[in-house]
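Chain and residue survey
Okay, here's what each chain looks like letter by letter:
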Amino acid sequence: MTDLTQTDAKDNAMIVDSLTPDAPINNPKTVEANEADSGTGIERIYLKDYTPPSYSVEKVELDIRMFDDYATVDSVMTMLRQHTGNLELLGQNMELISISVNDQVLQPTDYLLDKEKLVIENAPDKAVVKVKVRHYPNKNTELEGLYIAGEGDDVMYVTQCEPEGFRKITYFPDRPDVLSVFTTRLEADKKFPTLLANGDLIASGEVEGDDSRHYAVWYDISKKPSYLFACVFADLAVLEDSYTTSEGRDVKLQIFAKSYDIDKCHLAMQALKDSMHWDEVNYGRAYDLDRYMIVAVSQFNMGAMENKGLNIFNTSCVLSSPETTTDARSFSVKSIIAHEYFHNWTGNRVTCRDWFQLCLKEGLTVYRDQSFSADQQSPAVQRIDDVSMLRAYQFTEDAGPLSHPPRPSSFVEINNFYTTTVYEKGAEVVRMLANTLGDKYRQGTDTYFERYDGQAVTVEDWLSALSANGQSVEHFIDWYTQPGTPEVSGRQSFELDDDNVGKLIVTLSQKTRHVEGFDVPKPLPIPVNTALFDRTSGELIEERLLMLEQETQDFVFDNVVTVEGIEPVVSVLRDFSAPVQMKYQYNEADLAFLLAHEINGFNQWQSAQALVNQILLQDNEPDVYLSAVKKAFLSLANEDAMLAARILDIPAERELASAVNNDYQPTIMKHKRDALKLSLANCMQDDWQKLYKQLPIEAYVDTPEARGKRTLRNVVLDMALTAGIDEAQDWAYNQYQNASCMTERLGALSAMVNHNHPKKDTILEDFYQRFNNEALVMDLWFSVQAGDLNAPIADITALIDRKDFDWGTPNRIRAVVGSFAAQPTKLWTKEGIELYIGVVQKLDETNPVMASRLLQTLSRWYTLAEPMREDAKQQLQKLSAHVKSKNVVESLQTMLKAG
């Protein structure tokens, strides 16, 4: 699942539709709630308490019937005892109509029922369990289980089952280590002509005796856990294509979307075929079914979901056209298509034993989609993208009270652990493993698939398979179980012998902060990719992978020969070879040298970032940085436009804030950041006009070179406006009017809004009139205004109060609230905190998954300077008296412990 929500069941339980003769069972034999965790009434689950399921489900037959205001689900489960224990079925938010075991109807006194599960004691070793339930997808605002999406003629019903949504569809042992063969019958009114489920279509037709209804039956031969189940009731158009696998299988490819969006699915279709080929070449993995389907859904909490053979996608992650989608979003579509397809092997065919192992499927699959993306554009730029996100979000997470290892040891709500630590840090661990093993990595993954195909496994199984070919990496387990970002410090010494041959000693040390609730951190195996450069000639002398495994280690480079015997410049953590904070004893001259002479674009960028951090966090003067970055930028502008644009990156305020552990003052940090950007713009004031004219608007093509030029044009435009160049006002207006694609149009619009262009209101209105029928483009319109650097908080409230701000559509909420939260100087004001927490409180009642994730943005409140710190604390404490969902309660309690 790509990472980009419980109604109160009491109202539903009161409804009995007169069209249905079955009445819900009122069970007098009720299980008491589990013992409360820390007095909250919410159970905490621990990895150490894992026990295998008492029963397997060999096969399950589902019959899901959709009516105007309710749905019924009949299930037949063939279950076999595997271990001692009761037969336990998990279920929430539904009415139980009937249940039988081996055709014997059970009475309410024959089982235990509470709001979480149904338990049958002394069940037979072989049991055919039949269950009938009813629920109300029209009232399901959580976007989990079976729910309604859209409105009016666009209504559809879809499912989201990862991690624990299937238990909101029917009673079932809803856990990832129970794998079953599914047969699914769907029935609905013919106004929903599209009836989809996992696997292959084996029957369809009109319902006998009712010519207004029809059905479809789908059979999935693959054993899968219930979290990979999916079904769709809709009226959708379809884009079709085909792919022949390396094993000779002809696969029908289908992307379903609303008819007015189907022409935006071509890029996704090509990305799917590219992904299938890439996985065959790089991992030897071919697709295993005759059909692969993708469905675009507008109301979806996540980016996409890898349900076996039937992926459900957020529209923002599958629809793309030059006129409506930026280059960045289009490239993201390709990456997310790849991510979900790669899950077919890393997640579906080999799945997780339990949800604590989530990083096993997600970290590995993120690494695979990053590798795919690096083959679609400059690898250096892709690595910059990966590391920028890691530093801005995961490092921040690790620096606060929500820090956890990629494999957590406990949780209250697993939805709270779809985090950058699990995904992005998990991917970095896989990258370290791959780089450490070299050619043996592919042998290790082949072993992994051969051993565990069709099984639910653990991180230990993964490391065991990788270690089966002669080089053990099982000691990397500590990366999966230990929280916190290691800080690596380094220094060097250099000696010459009588023959002018040098000996260089690089000393590296590591430490990791102790996170409350976890063991004292141990030294980790940290691969540090290192190179030596001749300080005089700039030539590369030597490259080596240093493995730091102790608290402090010396690494010796013998026989170092340099021009005039001058000490070489050492480049460490090249390509960001480990997810650590590097504190090497560089002076400004060293970093300027690496910015000029490093042979890899990522390492140049990393050197520029280090110089920026010295200015913003250590109050160094900017002169050396400005001179070095100007030279590098102008050199790159004609060679690699995308890298040139990224060389000018200044870390986001969120990333900078993560390095400040007390008395954080957002206004001061913003002033320093703005001052550096102004100095950068001014130092190249004479270059912007020439550069902008060298980047004329051209006919749209989707190539890395063309995307780079469009990105660079937008950067140059923003810098020219920052420098106060008068002509730049006209550049922005003309670029908006003459744009060939959304990247150019939105770049101009954003620049006009952020620089308070005299025509910005006119252009905002024009943008609205052009695109008000395009929901995803309107998200951009909302986002630009919510991110307006000059807008007061009242403008954010006004955006939320608009009729076209939809509380049921996560994309729209993120567009406004996420853009607002990216501005700490507004967020951390008393008014800003009140507004933001008000949004969280409202969503707690309707979409707890999203509410909790938004709340986590405030996790480092305790680092603020007073009085902001006390204001934030009071607002969070006030919130704790009103929230009900275990998602928000868990996050909030953890955050408040920090203060």
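Each remark here, short or long, concerns the structure printed above.
The following refers to the structure shown. (Residues numbered from 1 in each chain as written. Predicted model: local features only at pLDDT ≥ 70, side-chain atom pairs only at ≥ 80, totals over all residues. Heavy atoms only, no water.)

Quick look at a nonpolar patch on the surface
Together, I202, Y219 and I221 make up an exposed nonpolar region whose accessible area comes to about 310 Å². Look at I221 and you get exposed, because its relative accessible area is 60%. (Patch = residues over 30% accessible without salt bridge, like charges linked within 9 Å, V, L, I, M, F, W, Y side chains within 5 Å. Areas by Shrake-Rupley, 256 points an atom, 1.4 Å probe, with all protein chains shown as cover. Salt bridge = Lys/Arg side-chain N within 4 Å of Asp/Glu carboxyl O. Buried < 20%, exposed > 50% of the residue type's maximum accessible area, 1.4 Å probe, protein only.)

Structural notes on the pattern of salt bridges
Summed over all chains, the structure comprises 62 salt bridges. Here R167 ties to D174 by a salt bridge, and the two come within 2.9 Å at their closest N and O atoms. Neither R167 nor D174 differs from the other in exposure class; each is buried. The salt bridge involving R770 is made with D766; its shortest N-O contact spans 2.6 Å.

Some remarks on helix α22 (residues 793-801)
An α-helix turns once per 3.6 residues; consequently, residues spaced three or four apart project the same way. Turning to α22, its buried residues are I793, I796, L799 and I800. Buried residues of α22 fall within an arc of 110° about the axis and therefore sit on the same side. α22 presents A794 and D801 as exposed residues on the side facing more than 90 degrees away from its buried surface. (Helix = DSSP H or I, 4+ residues; strand = E, 2+ residues; numbered from the N terminus. Arc of directions from axis to C-beta.)

A look at the sheet that holds strand β27 (residues 526-533)
A sheet is described by the order of its strands in space; here three strands give the open sequence β28-β27-β30, paired in antiparallel fashion. The outermost strands of the open sheet, each flanked by one partner alone, are β28 (540-548) and β30 (569-571). On average, each strand axis in the sheet is inclined to that of its neighbour by 25°, with strand direction left out of account. Across the sheet, helix α10 (residues 588-597) touches β27 and β30, and the angle it forms with β30 is around 70°. (Pairing = 2+ DSSP bridges. Axes fitted to C-alpha atoms, helices over the stretch in contact; angles between N-to-C directions. Contact = heavy atoms within 4.5 Å.)

What about the nonpolar core?
Ranked by internal contacts, the top residues of the largest apolar core, which has 281 residues, are W462 and W688. Here the element with the most residues in this core is helix α6 (residues 420-437); it accounts for nine residues. Dropping the residues within four chain positions of it, W462 is found in contact with L360, L364, V430, L433, Y441, T445, Y448 and Y480. (Core = buried A, V, L, I, M, F, W, Y, C linked by side-chain atoms within 4.5 Å.)

A word on helix α4 (residues 358-374)
Here α4 is 17 residues long and its end C-alpha atoms lie 24 Å apart, about the 24 Å a rise of 1.5 Å per residue gives. In terms of burial, α4 is largely enclosed, as 17 of its 17 residues are buried. (Expected span 1.5 Å × (residues − 1).)

So, the packing of helix α21 (residues 775-786) against helix α23 (residues 810-821)
It is the contact of α21 with α23, at a shortest axis distance of 8 Å, that shows an interaxial angle of 15°. The pairing of α21 with α23 is recorded here as roughly parallel in orientation. You can see that α21 and α23 cross each other, and the crossing is right-handed. For the pair α21 and α23, the contacting residues are A775, L776, M778, D779, F782, S783 and A786 in the first and N811, R812, A815, V816, S819 and F820 in the second. Tallied by class, residues from the contact of α21 with α23 come to eight nonpolar, three polar and two charged. (Parallel < 35°, antiparallel > 145°, perpendicular 65-115°, else oblique. Left-handed = near helix turned anticlockwise from the far one by under 90°. Nonpolar A, V, L, I, M, F, W, Y, C, P; charged D, E, K, R; others polar.)

A look at the packing of aromatic side chains
Evaluation of the coordinates by the stated rule reveals 35 aromatic pairs. Aromatic side chains Y418 and Y423 sit 6.3 Å apart centroid to centroid with 50° between the ring planes, which places their arrangement in the tilted category. Of the two residues examined, Y418 and Y423, each falls in the buried class. Chaining the aromatic ring pairs together yields one cluster made of W278, Y283, Y287, Y292, Y341, F342, Y367, F372 and Y441. The aromatic ring of Y736 is capped on one face by R745, whose charged end is 5.4 Å from the ring centroid. (Phe/Tyr/Trp six-rings, centres within 6.5 Å; stacked < 30°, edge-to-face > 60°. Lys NZ or Arg CZ within 6 Å of the ring centre and 35° of its normal.)

As for the state of the cysteines
A full pass over the atoms with the stated rule returns zero disulfides. Cysteine C317 shares no disulfide, and the gap to the nearest cysteine sulfur, in C265, comes to 13 Å. (Disulfide = S-S within 2.5 Å.)

Points about the environment of D446
Looking at the element boundaries, D446 is found in helix α7 (residues 440-452). Residues D446 and Y283, 163 residues apart in the sequence, show an inter-C-alpha distance of 7.5 Å. Apart from residues no more than four positions distant in its own chain, D446 is found in contact with Y283 and R285.

Concerning the packing of helix α20 (residues 760-771) against α21
Their axes nearest at 9 Å, the elements α20 and α21 cross at an angle of 160°. Between α20 and α21, the angle falls in the class roughly antiparallel. Crossing handedness for the pair α20 and α21: left-handed. Contact residues: α20 offers L764, F767, Y768 and F771, while α21 offers V777, M778, W781 and Q785. In terms of residue class, the contact of α20 with α21 is made up of seven nonpolar, one polar and no charged.

A word on the pairing of strand β14 (residues 200-206)
Two faces make up the sheet, and in a regular strand the side chains alternate between them. In the sheet, β14 pairs with strand β15 (residues 213-225) via six bridges, with the strands oriented antiparallel. From the neighbouring strand, E206 faces β15, where its bridge partner is H214. Two successive antiparallel strands, β14 and β15, enclose a turn made up of six residues, where G209 displays a positive phi of approximately 85°.

Looking at unusual backbone geometry
Going from E162 to P163, the amide bond is cis rather than trans, its omega being 0°. Take P163: it is sitting in the loop between β11 (156-160) and β12 (179-189). Look at the link from E866 to P867: it is a cis peptide, with omega at 5°. Counting through the fold element by element, P867 comes out in the loop between α26 (848-855) and α27 (868-880). A positive phi angle, close to 55°, is found at N93, a residue other than glycine. The topology assignment puts N93 in the loop between β4 (87-90) and β5 (95-101). When its relative accessible area of 22% is taken as the criterion, N93 is described as partly exposed. We note that N559 has phi near 55°; this positive angle belongs to a residue other than glycine. Looking at the secondary structure, you find N559 in strand β29 (residues 552-560). Among the residues examined, N559 registers a relative accessible area of 63% and is labelled exposed.

Side note on the sheet that holds strand β16 (residues 231-234)
Ordered in space as β10-β11-β16-β13, the four strands form an open sheet in which the pairing is antiparallel. Either end of the sheet is taken by a strand with one partner, and the two such strands are β10 (145-149) and β13 (194-197). Looking at each pair of strands side by side, their axes are set apart by 15° on average, direction ignored. Pairing geometry for β11 and β16, over two bridges, is antiparallel.

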